[in-house]
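# Observations on chain architecture
Chain by chain, the residues run as shown.
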Amino acid sequence: MKRSVLASTLTLAVSGLLIAGAGTPASAAKNPRPIPPKASEAQALRDANSAVAAHPQLVKAGAHDVFTSRDVTVDADGSRHVHLDRTYQGLPVLGGDVVVHSAPDGTARDASLTLAAPLNLSVTPKITAKQAIATAAKKFKGVKHGSTAQLVVDATAATPTLVWQVVTNGTAPDQSPSHLHVLVNAQTGAAGQSWNSFISTVAAGRTQATAPATSVAGAAASGTGHGYQVGDVTLGTTSVSGGYQLLDPTRGNGETRDAQNKTVLNDSPPAGWGAAFTDTDNVWGDGTLNNRATVAVDAHYGIQATWDYYKNVHGRNGIKNDGVGARSFVHYGVNYGNAGWDDDSFSMIYGDGEVGDKPFTELDVAGHEMSHGVTAATAGLNYFGDAGGLNESTSDIFGTLVEFNANNPADKPDYLIGEKISSTPLRYMDDPKKDGVSQSCWTTGTKNLDPHYSSGVGNHFFYLLAVGSGSSSYGNSPTCGGAPAVTGIGNADAGKIWYRALSTYMTAATDYPGARTASIKAAKDLFGGTSAQCAAVEKAWTAAAVAATSTTCGGTGTNPPTGTNLLANPGFESGATSWTQTSGVITNATGAHAGSYFAKLDGYGTTHTDTLSQSVTVSATAAAPKLSFWLGITTKESGSTVYDTLKAQVVSGTTTTTLATYSNATPGGYAQRTLDLSAFKGKTVTIKFVGAEDSSLATSFLIDDTAVTNG
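Overview of the structure. Numbering of residues starts from 1 in every chain and runs along the sequence as written. Per-residue local features are limited, in this predicted model, to residues with pLDDT of at least 70; the limit for side-chain atom pairs, both in listing and counting, is 80 or more; totals at the level of whole chains, interfaces and linings are taken over all residues. Just so you know, side-chain values use all the structure's heavy atoms and leave hydrogens and water out.

### Overview of the overall build of the protein chain
A run of DSSP states H or I qualifies as a helix once it reaches four residues; a run of E qualifies as a strand once it reaches two. Both are numbered from the N-terminal end. For the protein chain, the count of helices and strands is nine helices and 37 strands. For a compact globule of 711 residues, the expected C-alpha radius of gyration is about 27 Å, and the protein chain comes in at 26 Å, within 12% of that figure. Overall size of the protein chain, expressed as C-alpha extent along the three principal axes, is 90 × 60 × 55 Å. For every residue, the accessible area (1.4 Å probe, protein chains only) is compared with the maximum for its type, and the residue is labelled buried under 20%, exposed over 50%, or partly exposed between those bounds. When the 711 residues of the protein chain are sorted by exposure, 57% land in the buried category. Counted charges follow a simple rule, with Lys and Arg positive, Asp and Glu negative, and His plus the chain ends left uncounted. Taken as the charge location is NZ of Lys, CZ of Arg, CG of Asp or CD of Glu. When the 47 positive and 57 negative side-chain charges of the protein chain are each reduced to one mean point, those points stand 7 Å apart. What the globule rule says is 2.2 Å times the number of residues to the power 0.38, and the radius of gyration is computed from C-alpha atoms.

### Here we look at the sheet that holds strand S30 (residues 598–602)
Think of it this way: DSSP has to see at least two bridges between two strands before they count as a pair. In space, the five strands of this open sheet follow the order S29-S30-S37-S32-S35, with antiparallel pairing throughout. Lying at the two open borders of the sheet, with one neighbouring strand each, are strand S29 (586–587) and strand S35 (668–676). Alignment of strand S32 (residues 626–635) against strand S37 (residues 699–709), held across nine bridges, turns out to be antiparallel. Residue Ser-628 lies in a different strand from S37, and its bridge partner there is Ala-707.

### Description of helix H9 (residues 532–543)
Since one α-helical turn is 3.6 residues long, residues separated by three or four positions face the same way. What a helix should span is 1.5 Å times the count of its residues minus one. Here H9 contains 12 residues, and its C-alpha end-to-end distance of 16 Å stays within 8% of the 16 Å for a straight helix at 1.5 Å per residue. Every buried residue of H9 is listed here: Gln-533, Cys-534, Ala-536, Val-537, Glu-538, Ala-540, Trp-541 and Ala-543. Note on definitions: a residue-residue contact is assigned when non-hydrogen atoms from the two residues lie within 4.5 Å. Among the structural elements, helix H6 (451–466), helix H7 (491–505), helix H8 (512–527) and strand S31 (608–617) are those in contact with the buried residues of H9. Backbone geometry just downstream of H9 places Ala-545 in the positive-phi region, at approximately 70°.

### Overview of the sheet that holds strand S19 (residues 278–279)
Pairing in this open sheet of five strands is mixed, and the strands run S19-S15-S14-S13-S20 from one edge to the other. Two strands lie at the open edges of the sheet, namely S19 and strand S20 (283–284), each paired on one side alone. Sheet topology places strand S13 (residues 220–226) next to S20; two bridges connect them, and they run parallel. Residue pairing in the sheet places Gly-225 in a bridge with Trp-284 of S20.

### Focus: the side chain of Ser-438
Along the chain, the position of Ser-438 falls in the loop between strand S25 (427–428) and H6. A relative accessible area of 8% places Ser-438 in the buried class. At 2.7 Å, the side chain of Ser-438 forms a polar contact with the side chain of Asp-435. Beyond its immediate chain neighbours, meaning those up to four positions away, Ser-438 contacts Pro-432, Lys-433, His-452 and Tyr-453. Each polar contact in these results corresponds to two N or O atoms within 3.5 Å; when the atoms are within protein, one needs to be able to donate a hydrogen and the other to accept it, and residues that are neighboring in sequence are counted only if both atoms are side-chain atoms.

### Some points on the nonpolar core
Within this scheme, the nonpolar core is defined by two criteria: the residues are buried Ala, Val, Leu, Ile, Met, Phe, Trp, Tyr or Cys, and they are joined through side-chain atoms within 4.5 Å. Phe-398, Phe-461, Phe-462, Trp-498 and Met-506 are the most contacted members of the largest nonpolar core, which totals 79 residues. Among the elements that make up this core, the one with the highest residue count is helix H3 (residues 293–314) (11 residues). Not counting chain neighbours up to four residues away, the residues in contact with Phe-462 comprise Ile-397, Leu-401, Met-429, Asn-491, Ala-494, Gly-495 and Trp-498. With 30 residues, the next largest nonpolar core counts Val-585, Ile-586, Val-616 and Leu-675 among its residues.

### Things to note about the pairing of strand S10 (residues 177–185)
Where burial is concerned, most of S10 is hidden: nine out of the nine residues are buried. Burial of the side chains of S10 extends over both faces: Pro-177, His-179, His-181, Leu-183 and Asn-185 are buried on one face and Ser-178, Leu-180, Val-182 and Val-184 on the other. Across nine bridges, the pairing between strand S9 (residues 161–171) and S10 is antiparallel. Note on S10: the bridge partner recorded for Thr-171 is Pro-177. Adjacent in sequence and paired antiparallel, S9 and S10 are bridged by five residues, among which Gln-175 carries a positive phi angle near 85°. In the sheet, S10 pairs with strand S11 (residues 191–196) via four bridges, with the strands oriented antiparallel. Counted as the bridge partner of Val-182 is Ser-194 from S11. The antiparallel hairpin formed by S10 and S11 contains five residues in its connecting segment, where Gly-189 sits at a positive phi of about 85°.

### Examining unusual backbone geometry
In most cases, non-glycine residues show a negative phi, while peptide bonds are predominantly trans. The phi dihedral of Asn-321 falls on the positive side, at around 65°, and the residue is not glycine. Relative to the helices and strands, Asn-321 is located in the loop between H3 and strand S21 (327–332). Looking at Asn-321, the relative accessible area reads 42%, which means it is partly exposed. Unlike most non-glycine residues, Phe-346 shows phi in positive territory, near 55°.

Below, the structure is given as structure tokens:
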């Protein structure tokens, strides 16, 4: 399900080539709320339109192509990335989307696309829509609720073809909602590629769901949850008449509802379907399955953990980056052994599991499902071929990173998917073939597998990139075909690379070689062409049997986006995640510069030392790398004598450099401090704060909203 980003339309014609800007958002018919364009995004769109008009060969455009904006990204340095969807003679083109990449001055640099040549085919069908629907119906299993057919151009195959895209909606035999897409050749009537746009956690048959969130009048509240999978957690809730509801206004009104063991009758769960979870004392569940709210705690915690990961690590404001939260339905069906994401209704469903198994409300499953929504809103990866595997592996990757970011003691982070649901994990990232059906190494036949199994190649790549090959506490990861060993670069850098590759360089039909190209470009953007991170990307893909493409590391590559914050959890809103601290330094007591959390070093009035640190890699091509943070100093000392100090330091190898020292002698409210990191270009270093207090009279050093940028 695609969405437009800009409400305004910009059209121009050059030599018969028509290029259209963004149209009305897909959800406008249901809830017309035009989104005013940001000036920088509007300019980026105009520049992309101009580039395509002047250089149609850049995107393999012909006289009958029209382009509509799907998404616009403007880097901090002004570089632009405009994702455009293509129509040909008025028909949508599957696999025809492009991303136009432009310099800060608007000059086009290149484009990401999979179409190899301009389109040239007849759009007059010989087969009727009724005939195509009848052909597609033969592939549907379950209870049908209705079908639609639309003429489209299929450009995902070697030869672009006119097809009927038939969508049959209904309920699958396993109780899942089903939106089965079948491409029927509009000239011959032959059925071709098929896929289901309801995306489940596990493949159908394996043994083992855009509506805005509900608006509820009430104030944000903080509840206590006793979950089955996640243990005891704090939940974002809403105060309503008579008590509280599992709806989080601080995270886009993300909501959890009870499906009451029913299945949807109209293909996608509507906004008011099921029952709201309400409670009088804001304490939810009791840790057992006898209490229906227990698994609701799991799902609701999953919504907030996923929101917090994307917000704090990637600066993404919700799944669609529009500030709107998703909806979860728990207790779906009877003994339903699956979970799934429905992009049409912007919601998730969770089954209680087959007999003998546990509910599917595990944290990495929640992150997995909502990440399907992120993929739909960015690259829009198809759910078939290599792109289908990349779609699934992206959800496994980010589901895993959500788990690590939350660092919940009841669900120790790992690289196993859904390991708490049944006797064996649903998938293994260290060596995916261990499940007996997934592939660890890419072949030209990978595209023919179910996406849950072709995802293994992407999962293996990411594990190699983050952890490395060989044995570790997380598993034992081999390399394919005798490829050299790989040294991992850690989750933080690997996650940033994959997110930028997905959101900036991948298109709907990207295959595994294309993903190698996209992630190398992302690594060069973030860390430079000669960086260890970029080299690791190349080695990890080779170790997953995806051979080199024309895009390689080396040289300086694209200048890193100057404003990209290299620190994870920079505002501490995920607690101590990604930071190493003395006990109690990161806190949500009163005193934050912004948000709820901040770091407080010292303030005891006794001899005491507190530390706070995080490792980052400063790009070798950084123009002016900087460390910045907001610092407030309160003290009971008086006069100008220094007794208590805070040092901002950089640890590089065995050398510690103190960039600045602050003390009780200059107390004051929050002020932003900026320090030069130019001496550390191309190095992985540890940013460290050391607060030292003497034996009497307290001084507190308050730190918030930190950043390391390549400048």
